[in-house]
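Summary of the model geometry
Each chain, letter by letter, is given below.
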Amino acid sequence: MEEGARSCLLQSRSSLEQDIRASYLMDHMISDGVLTGDEEDRIRSKPTRKEQAAALLELLLRKDNHAYISFYNALVRESYGDLASLLHNSLPLVSPEAEKSFSDGGTRYVQAVLSEGGVPQRPVVFVSRPALMNRVREKLYHLQKEPGWVTVFGMAGSGKSVLAAEAVRDHALITECFPGGVHWLSVGQLDRSDLLVRIQSLCFRLEQQSQEKDPSSSLHRPPGSLEEAKERLRFLMLRRYPRSLLILDDIWDSSVLKAFDIQCRVLLTTRDRSLADCVSGSKSEVAVESGLEEDQALEILALYVNGKPQRLPEQARSIVRECKGSPLVVSLIGALLREFPDRWAYYLHTLQQKKFKRIRKSSSYDYDALDQAMAASIQVLSEEHRERYIDLTVLEKDVKVPAKVLSVLWDLEPEEVEDVLQDFVNKSLLFRDCHHRPYLYYLHDLQLDFLAEMNRSGLESLHTKVVRQYQQRYSQGPPTSGDEECLYWFRFLTYHMAKELCSLMFSLDWVRTKAQIMGPAHLINDYVEYGAILDKEVRGQFQEFLSLNGHQLEQRPFPDVVQLALSQPDSSEVYRQALLQAQERATRGGLYLDWVNKSSLKSLSRLVVQPHQGSIYSACFSHDGTKIASCGSSKTLRVFKSTSGEKMLEIQAHDDEVLCCAFSPDDRLLATCSSDRKVKVWNVERGTLMRVFEDEHEEQVNHCQFTNTRRRLLLATCSNDKFMNTKLWNINKPSSQNTMFGHLEPVNHCCFSPDDAYLSTSSSDGTLKLWEVSSANEWKSIDVADMFSEQREQTEVMVKCSTWSAGGRTIICAARNAVFLWDIETSKKMADCSGHLSWVHGVQFSPDGSLLLSCSDDQTVRVWETKKVHTSSAVCLKRDSDVLFNNGDITVVAADNRNRLQVRNGRTGAVMFQSENQESRIRCTAICSQTSAVPSGTSLATLQGHTRTVLHCQFTPEGHTLITSSEDTTIRVWRWRTGECVVLEGHKEQVRCFSLLTTTPSSETHLLSWSFDGTIKVWDMSSGERLQDLVCHQGAVLACDVSPDGQLFATTSADKTAKLWNVKDGTLLKICSRDNKDAMDSLHGGWVTDLHFSPDNTVLLSTGGYIKWWNVEKGEALQTFYPTGANLKRIHVSPDFSTFVTIDNIGILYILKKVE
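Rules used in this analysis
- Residues numbered from 1 in each chain as written.
- Predicted model: local features only at pLDDT ≥ 70, side-chain atom pairs only at ≥ 80, totals over all residues.
- Heavy atoms only, no water.
- Salt bridge = Lys/Arg side-chain N within 4 Å of Asp/Glu carboxyl O.
- Helix = DSSP H or I, 4+ residues; strand = E, 2+ residues; numbered from the N terminus.
- Buried < 20%, exposed > 50% of the residue type's maximum accessible area, 1.4 Å probe, protein only.
- Pairing = 2+ DSSP bridges.
- Axes fitted to C-alpha atoms, helices over the stretch in contact; angles between N-to-C directions.
- Phe/Tyr/Trp six-rings, centres within 6.5 Å; stacked < 30°, edge-to-face > 60°.

All chains considered together, the criterion is met by 28 salt bridges. Of the charged contacts, one joins Glu207 and Arg232 as a salt bridge, the two residues approaching to 3.4 Å between their closest N and O atoms. Residue Glu207 is located in helix α13 (residues 192-213), and its partner Arg232 is located in helix α14 (residues 226-240); the two are separated by 25 residues in the primary sequence. Across this residue pair, the class does not change: Glu207 and Arg232 are buried. Ionic contacts of the salt-bridge type, sharing partners, join the residues Arg13, Glu17, Glu58 and Arg62 into one network.

Turning our eyes to something else, we now look at the pairing of strand β23 (residues 747-752). Remark: a regular strand shows side chains that alternate across the two faces of the sheet. With six of its six residues buried, β23 lies for the most part within the structure. In the sheet, β23 pairs with strand β24 (residues 758-763) via five bridges, with the strands oriented antiparallel. In the strand pairing of β24, Val747 is matched with Ser763. Hairpin geometry of β23 and β24 is characterised by an intervening segment of five residues between the two adjacent antiparallel strands and by a positive phi of about 65° at Asp756.

Time to look at the sheet that holds strand β41 (residues 980-984). Ordered by their spatial adjacency, four strands build an open sheet running β38-β39-β40-β41, and the pairing between neighbours is antiparallel. Of all strands in the sheet, those bounded by a partner on one side alone are β38 (950-955) and β41. Going from strand to strand, the sheet's axes swing by 20° on average, the running direction of each strand aside. Where strand β40 (residues 971-975) and β41 come together, five bridges link them in antiparallel fashion. In the strand pairing of β41, Trp974 is matched with Cys981.

This part covers the sheet that holds strand β42 (residues 991-997). The antiparallel open sheet is built from four strands, whose spatial order is β42-β43-β44-β45. Every interior strand has two partners, whereas the edge strands, β42 and β45 (1026-1031), have only one. Across the sheet, the mean angle separating the axes of adjacent strands is 15° when strand polarity is ignored. Two strands pair when backbone bridges link them, and β42 and strand β43 (residues 1006-1011) are joined in this way by six bridges, in the antiparallel orientation. Directly across from Val991, in β43, lies its bridge partner Ser1011.

If you walk through the whole model with that rule in mind, you get 17 aromatic pairs. Between Phe955 and Trp976 the ring centres are 6.5 Å apart and the planes differ by 80°, which places this aromatic pair in the edge-to-face class. Note that Phe955 is positioned in strand β38 and Trp976 in the loop between β40 and β41, a separation of 21 residues in sequence. Aromatic rings pair up to connect Tyr470, Tyr474, Tyr488, Trp489, Phe490 and Trp510 into one cluster.

And the structure:
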């Protein structure tokens, strides 16, 4: 140590011994590396404070200049300003160690300035973070011309203080920007009195330094209040040190920061990024990563043990990975290893076991001080309140809770809970958000860290207590109030469950209630967020159930979750729970249907979402794959999470239907186009409009698409314009850049190739064209319509949309309600997938190509797994079918999509017979109840007579007579073996269907028919006489059924009504209309197309978009089954009303059996 410094220390020795607390100062000196742990222990062993101070000074006199400077800085940081002033004049300008420390750009001048300002010296073990340091310096240079704030923020132990000190260790920065000096103040968590002491100390130091430079200036008395101290500091910083930097280290509270809002230049370190919002002036910020790079952390450990990074044991890398490169933890373990270099494995194990007490060492880091303060504060609580405070360990960070939640946990009245919480708030053990009514309460992160460490062994039982108390309070069912308490349980009960009680998340009761209140997206998020600690198989089953049925759970009235879950695979935990609940409810009269043959169906969809009311015309992935945007007839643009469907943004985007949306390559922009002929560009993060193109397209704009790369950002649009229907835009210019000519019909879709070299366009003229982007010339044209010969016979094939694969060799296009994958070079279809119920408007690959997105008029967005659609779809059945129930066996006869007749075993799905392809479409089928063997395919008879399409056919019970109805308005009764025929004439429009009246012996030859002419007629089949003629509806009669006792029959119609009639005299008994609460059509998703009474007349079965079972007497729905498809045509019912068979419009066969 220099002689001057040693002499000053000896002269001030008595004053120092009298006042200082050595334990406070040693933390800083150990952090600076001038004191060892053993030396600290020897000093602490002295019995009195004064003896400890004397021992510290005695030790200090034997050390070097670095120790003197560290001791001086410690005095400044611990508010011993008057004592520090005794040592100030003798501060060494440089030391050998300091020369090394400042060798990267610092000078003696820099060292002197920083030492005078109390800036901590560089730690003995130090690794530079140049990128971060340069960012801080760049922000500090912005303060050269005017006052302002630079915030350095990051999590605890991320190295913010070291970074701030290192950033100002630069000669050019200080001379150019802060010639008035750099002044460091350690703040931490302070009350008003402590804050006043800190500012008094700072003002004293500044005045003393000013007096040394200008002896004419005088020292003032210490300011007596915080307001006076703020004004004193303002005067000093603006008048005496006008171009200086004030560094506020470790700011916690905005109220503390306001005390320094004095129009000066400030650098502050904090964990709270938003603190600077409370002060005035220009602001900038630098985020500090929570961990060092692995090579930097290894370098620190190597410096501590005097080795080289590459020669460290393998445990060194494991330690770095375990603490994620935390500078604090790496330094603490490094310091311990310096004393015990053979303990690598021990400290790794200690870290893995989270035994942080064993790796803590005395230092200047605030965690230690907080531990002591927290422990002392908790000890002064009553025993009862102490136990309740420990219960708060289970709260999640950054979560505010209402008192009612804690009233459930503690089983107290809310008012009693508020009294307890007020005690915690008064002792600074809890914080209260007073801006919310009722009040919300929360713990600081460090308080939670302290509680978690203190109660580590009891954490499981604490979470168990939360769940048990919740179950006890809500034993009759989850809360439904929708207030803050209710929302807390639905958001965070899964957090408590997932911690220790994972299996409780797998409850259909929880799924039903949370989905009803918060929607299915929140449930899916639970399974995604806690997936790592949940049973993988069961979690996957519940997540799949919600992903594929979430759009049903958005419906009102809310569907029966148990019935939905019965459609899950038999091996699923979801199905197992649903079956148990269905069986239990069936004993109490509940009605549930089990889908017997569901194992034959494999769902290709991964997520089904219903984000809009009305048709969805476009949906697209963001380029990072985390978001999906969609738009449609609702005129809105919506962005939601791709994992769960949770809404992130919703914009009223256009004045008319929004036909397309597209993300820019960096996901910061979204383009939309509309029937209003406008193209708009939006900022995704803020939801604000940036640009509108509205002058060039004269018809509706069908599609828009950005280029895939940022190299040259272009936007392509296409429209219904006759010739100039495809355009390229530079979004920074008001007019289009280029126009493609070639399509003479509307262009429905355009899409850039992955390398942006080509643009594909899909048109109503049936072609797919590929264009060179650079020249706007046509490169290739594919006549897609020729590949859809079957559909083209019925209607023109319009190519609705297309998208390229990642490699650019294949392209997907959509026509009607199917999606097809094509090889561009060979123009051959590679795969197809069906599932949508109406026209598909958009398709897109996810960025990695693993998923395929499609949206449709059926109001759904579907996400498909690409690898599962790379095979041709299986043969599917048509809805024209008949079923034979015979002693428990089920035989289904139906046409397939290749116009063949199939006979299948209903229980196993096995094909028993399959005919050759027929020349004309098979419109109806019937199976004779007397059939004793599997059909051979031999034609037994061809019956000629109808002049138009036959719509329905049915055998009589004995099998000798076949009855048919037709579009030619007649019904024919055939003796099919002889060809004899009785014609029943009287309907004026096509006869959709009929039913045999076999309730009494006298009615065996009677037949009831219904027609599009709105009438019901009863016939004598043997004579052809018309016995009854009822005008039932103004529109077409779609379905009819007679009750088993022959007393009632029911009808439904296209006029949106259902009616109940008396068979005997034809009188109308009841009308169910759209405006009636009993209306069936409005709850079916379409027209009601078939009806069946139960044998006891108590239940009526109806089909349409869904299948419904009704209580005849009350008119109330008993159960609803939601098929995968829609537009059910007929349903076949077993004689005992326990088994139901139907086929939907995408060819899925349903064998439903009542749960008993």
